[in-house]
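These are the residues of each chain, in order.
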Amino acid sequence: MKIVDLNDKWAVLIGRLFIAFGSIERTTHNCLIDWLKDPTYAHISKMRFSQRVDVIIDLLGTLEFVEQNKADLIQGLKKAKKLAEKRNIVAHNPLMLDLFDGDFKEIIISNTKDGVTITFEELQQITQSAESLSTELVNTCTKIKLEGWEGLPITTQ
């Protein structure tokens, strides 16, 4: 890594991205912990992030919260699911020197998807989006918590 990220600029952004996603992940677990009973939560907590998000969105349809708060949470969770795709590219692929375009530039290159890369500028945007989204989700969940986090009992209609 020191050959590529000499000034740690990538490392700092990657760290910030993972901290923001840690908060987003925690928010999804908080929803599930409070809205589900054991052993259901125990099983769902082991699902992939995108699957947990789908469960939360489905649960929101059965809980009685202010509609705008539900809509805001659903919109934020959908953004998180999309952003997680970029986070996964960062998490599972190397930072390399790209020598093929005539320039020496640092870039994250997908091992499995041809042509999929993340530049430093894209990583800056992804990180900023994740940090903003983390705050947005916490704020929305706080609004929901203030109105009665547990909602009313889940319906079976």
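In case you missed it, the structure is sitting above this.
Structure report, in brief. (Residues numbered from 1 in each chain as written. Predicted model: local features only at pLDDT ≥ 70, side-chain atom pairs only at ≥ 80, totals over all residues. Heavy atoms only, no water.)

### Things to note about the overall build of the chain
Piece 1. Per the secondary structure count, the chain includes 5 helices and 3 strands.
Piece 2. Its helices and strands taken in sequence order, the chain reads α-α-α-α-β-β-β-α from the N to the C terminus.
Piece 3. Here the chain, with 157 residues, has 37% of them falling under the buried criterion.
Piece 4. Considering only contacts within the chain whose residues lie at least 6 apart along the sequence, 68% involve residues at least 24 apart.
Piece 5. Carbon and sulfur atoms make up 56% of the accessible area of the chain, which amounts to about 9400 Å² in all. (Helix = DSSP H or I, 4+ residues; strand = E, 2+ residues; numbered from the N terminus. Buried < 20%, exposed > 50% of the residue type's maximum accessible area, 1.4 Å probe, protein only. Contact = heavy atoms within 4.5 Å. Areas by Shrake-Rupley, 256 points an atom, 1.4 Å probe, with all protein chains shown as cover.)

### Regarding unusual backbone geometry
Piece 1. A positive phi angle, near 65°, is found at aspartate 8, a position not held by glycine.
Piece 2. Of note, aspartate 8 is situated in the segment before α1 (9–35).

### What to know about the side chain of asparagine 93
Piece 1. For asparagine 93, the location among the structural elements is in the loop between α4 (67–92) and β1 (95–98).
Piece 2. Among the polar contacts made by the side chain of asparagine 93, one reaches the main-chain carbonyl oxygen of isoleucine 89 at a distance of 2.9 Å.
Piece 3. Of the polar contacts made by the side chain of asparagine 93, one reaches the backbone nitrogen of asparagine 111; its length is 2.7 Å. (Polar contact = N/O pair within 3.5 Å; in protein donor to acceptor, adjacent residues only side chain to side chain.)

### Quick look at the environment of valine 90
Piece 1. With respect to the element layout, valine 90 can be found in helix α4.
Piece 2. Classification of valine 90 by relative accessible area gives buried; the value is 6%.
Piece 3. With 19 residues separating them in the primary sequence, valine 90 and isoleucine 109 have C-alpha atoms 8.7 Å apart.
Piece 4. Those residues in contact with valine 90 that sit more than four places away from it in its chain are Ile14, Leu17, Phe18, Ile108, Ile118 and Leu123.

Take it as geometry only, folks, not as evidence of what the structure does.
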